[in-house]
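# Structure at a glance
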Amino acid sequence: LALLLVDCSRGLCAADGRVLRLLRKRRVPTFAVLTKCDLLPPAELARSHAIVSAQVDEALRNGAAPSRADAAPAVPLLMLS
């Protein structure tokens, strides 16, 4: 199990995308975790969650993600204060 910590005010960087793709290729169950959520007002936090969720999806689409039925599942996005 892997937890990828993502600052909610910055979003994913290129290195995060590479790590996500590597973990997916190796079929490691992964959670992306938004951190520092207590620093944003609710509306900005909701926007950040939507943006990072889209960034995670795009990072996985741009990689050579496994297409087999036994491939790693989608990466859930959690939030922490």
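Residues numbered from 1 in each chain as written. Predicted model: local features only at pLDDT ≥ 70, side-chain atom pairs only at ≥ 80, totals over all residues. Heavy atoms only, no water.

To continue, consider the environment of Leu-78. Mapped onto the elements of the fold, Leu-78 is located in strand S3 (residues 77-79). When its relative accessible area of 37% is taken as the criterion, Leu-78 is described as partly exposed. Between the C-alpha atoms of Leu-78 and Val-6, which are 72 residues apart in sequence, the distance is 9.9 Å. In this view, Leu-78 contacts Phe-31, Ala-32, Val-33 and Leu-34; residues no more than four positions away in its chain are not counted. (Helix = DSSP H or I, 4+ residues; strand = E, 2+ residues; numbered from the N terminus. Buried < 20%, exposed > 50% of the residue type's maximum accessible area, 1.4 Å probe, protein only. Contact = heavy atoms within 4.5 Å.)

Here we come to a nonpolar patch on the surface. A cluster of nonpolar side chains, contributed by Leu-1, Leu-3 and Leu-5, occupies part of the molecular surface with about 360 Å² of accessible area. Along the chain, the position of Leu-3 falls in strand S1 (residues 2-7). (Patch = residues over 30% accessible without salt bridge, like charges linked within 9 Å, V, L, I, M, F, W, Y side chains within 5 Å. Areas by Shrake-Rupley, 256 points an atom, 1.4 Å probe, with all protein chains shown as cover. Salt bridge = Lys/Arg side-chain N within 4 Å of Asp/Glu carboxyl O.)

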